[in-house]
Amino acid sequence: MIKSQVAALAVLSAVVCAGAADSAVHTFKKIQLSDKFWSEGANFGDFNHDGKMDIVSGPYWYEGPDFQKRHEYYPANKFFTRQKPDGTDEKIEGYEGALGTNNTYSDNFFAFVYDFNHDGWPDILIYGFPGKDASWYENPKGRDGHWQRHQIFDVVDNESPAFTDVNGDGKPDIVCNSGGYFGYATADWSDPAKPWKFHPISPKGNWQRFTHGLGVGDVNGDGRVDILEAGGWWEQPASLEGDPVWKLHPFPFAPGHGSSQMHVYDVNGDGKNDVITALAAHGYGLAWYEQVMANGEITFTKHTILNEQIGKEKPAPDKYGVVFSQLHAVDLIDMNGDGLKDIVTGKRFWAHGRHGADPGSDDPAVLYWFELVRGANGTVDWVPHLIDDDSGIGTQVVAGNIQNQKFPDIVVGNKKGTFVFLHETK
């Protein structure tokens, strides 16, 4: 049986959002699809062609709109044993997460949805444990049973890999580290089940499967997307012929700590793209870096959203009283319909287990959205709205139109289970 928990939350998010197209009170209805740990990511798509969005998390997809019925699309053969109060053992499906004691990791860190074979039915792409493969599962068009697996790339390094168009052909690529390089892998779209080709963009370095921090976006406004990392950004050249090495522009976005997903966006509306990033995926801190020019070169000015940790002390809360750690996933989307993109993030629950050494490990597993508010003279504020304090994020958090076609909903998979937050307004 699928355990469901439905609760309407009217907390800090239940406020009138400044600058919205029409004033609305934003709340979220929380549905817990499962309390089992299967994955660190989740996503959504209409997998059964009934016109309603479904949820994919781990080896299951859940039928919308109530997500009560689940379907196994690859073998769900992981279990762990825990001891009950009476001393007897019980077998629990999934990996040992919040329902257990020991630290474990799943073999499913990221889920993406795309129609790879262009048959009109969305397929599922899974990135496994860092350093493992990327495989897509072919939608069987309503037939029962496991979906056919196509392993397309052998080694996806980095803890924040992406799936987006790099080379401008209108089709998504795998963006990651692999073999010590930054780069991207492309498909032969006449047969997307064949192994994808990796295109290194950097010299070989020390980047490996647990490298933190990656983003894709047009930093310099030349119409070509660049690739970002914690230590700078790689500028895409005018031609990709022959897989040239891209130019590195060093900048300490997250020096010494490693970020998570990095985003490129014109935060203050001055026409120049800025950078939004967590400052430490396993620590504290969130910031946006304003693009400025110095001696004819692009550089950045740091603007703190959530304070970072200095030394061993927990940082002070921001001016709204908010402080939390483990910002291991960050999404960027317009949450309130005002035309400005907002930040969706939270605390990754037990990134390194119940007894992990991460700062703030046992603090509440919160989920927030930060509303971008532009003021006079280019000033910017990020107003925090608490969505939930007992779910958090994984290595992925995804916001999009699952049921609400105007305001984005949110889906999360992590060691507490699988959750969907349906956006409601009054």
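Further up the page is the structure itself.
Residue numbers here run from 1 along each chain, matching the order of that chain's written sequence. Per-residue local features of the predicted model are confined to residues with pLDDT of at least 70, and side-chain atom pairs are confined, for both listing and counting, to 80 or more; whole-chain, interface and lining totals are unaffected and use all residues. Side-chain measures here rest on the full set of heavy atoms in the structure, leaving out hydrogens and waters.

A look at the environment of F349
A helix here means a DSSP run of H or I that spans at least four residues, while a strand means a run of E at least two residues long, and both kinds are numbered starting from the N terminus. Structurally, F349 can be placed in the loop between strand 26 (342–346) and strand 27 (367–374). With 14 residues separating them in the primary sequence, F349 and D363 have C-alpha atoms 9.0 Å apart.

Describing the sheet that holds strand 3 (residues 43–45)
Between any two strands, pairing holds if DSSP finds at least two bridges. What the four strands build is an open sheet, ordered 3-4-5-6; its pairing is antiparallel. Edge strands, defined here as strands with exactly one partner in the open sheet, are strand 3 and strand 6 (70–72). Each strand axis lies, on average, 30° off the axis of its neighbour in the sheet, ignoring direction. With three bridges connecting them, strand 5 (residues 60–62) and strand 6 associate as antiparallel partners. Across the sheet, the residue bridging to Y62 is R70, located in strand 6. Only the stretch in contact is used when a helix axis is fitted, and all axes are lines through C-alpha atoms; the angle between N-to-C directions ranges over 0 to 180 degrees.

Side note on the side chain of Q261
Summarising the element assignment, Q261 is placed in strand 21 (residues 261–265). Overall, Q261 belongs to the buried group, its relative accessible area being 12%. Note on definitions: a residue-residue contact is assigned when non-hydrogen atoms from the two residues lie within 4.5 Å. When neighbours within four sequence positions are excluded, Q261 is seen to be in contact with F110, S160, L214, I276, T277, H328, A329, V330, T395 and Q396. Buried means the residue's accessible area, taken with a 1.4 Å probe over protein chains only, is under 20% of the maximum for its type, while exposed means over 50%, and partly exposed covers the values in between.

Observations regarding the nonpolar core
The tendency in soluble globular proteins is for nonpolar side chains to be buried as a group. Only buried residues count toward a nonpolar core. Its members are Ala, Val, Leu, Ile, Met, Phe, Trp, Tyr and Cys residues joined through side-chain atoms within 4.5 Å. With 21 residues, the main nonpolar core has I276, I305, L306, F324, I343, F370 and W382 as its most contacted residues. Residue assignment for this core shows that the elements contributing at least two residues are strand 22 (274–278), strand 23 (286–294), strand 24 (297–306), strand 25 (330–333), strand 27 and strand 28 (380–388). Here this core takes three residues from strand 27, the largest share from any one element. Not counting residues within four places of it along the chain, the set of residues in contact with L306 comprises G285, L286, D318, V322, F324, L327 and F370. F110, L125, V156 and C176 belong to the second-largest nonpolar core, a separate cluster that totals 20 residues.

Topic: the side chain of S106
Here S106 shows up in the loop between strand 8 (89–93) and strand 9 (110–114). The exposure class assigned to S106 is buried, which follows from its relative accessible area of 3%. Polar contacts here mean pairs of N or O atoms no more than 3.5 Å apart (in protein, one a potential hydrogen donor and the other a potential acceptor; neighbouring residues in sequence count only if both atoms are side-chain atoms). A distance of 2.9 Å separates a polar side-chain atom of S106 from the backbone oxygen of N108.

As for the environment of G41
Checked against the element boundaries, G41 lands in the loop between strand 2 (26–34) and strand 3. Considering only alpha carbons, one finds G41 and N108, 67 residues apart in sequence, at a separation of 7.3 Å. Leaving out residues up to four positions away in the same chain, G41 has contacts with S57, N108, F109, Q396 and G413.

Considerations on unusual backbone geometry
Cis geometry is adopted by the peptide bond preceding P65, which originates at G64 and carries an omega value of 10°. With respect to the element layout, P65 can be found in the loop between strand 5 and strand 6. Even without being glycine, H49 reaches a positive phi, approximately 60°. The residue H49 is located in the loop between strand 3 and strand 4 (54–57) in this model. Overall, the relative accessible area of 41% leaves H49 in the partly exposed class.

Things to note about the packing of aromatic side chains
Pairing of aromatic rings covers Phe, Tyr and Trp, the last counted by its six-membered ring, and requires centre-to-centre distances within 6.5 Å; plane angles under 30 degrees mean stacked, over 60 mean edge-to-face, and any other angle means tilted. If you walk through the whole model with that rule in mind, you get 38 aromatic pairs. Taken together through their ring pairs, the aromatic side chains of F110, F112, Y114, F116, Y127, W136, F163, W189 and W196 make up a single cluster. We call a charge positioned above a ring when the Lys NZ or Arg CZ atom is no farther than 6 Å from the ring centre and deviates by at most 35 degrees from the ring normal. Sitting above the plane of the F79 ring, K91 keeps its charged end 4.7 Å from the centroid. We note K416 situated over the ring of F349; from NZ or CZ to the ring centre the distance is 4.4 Å.

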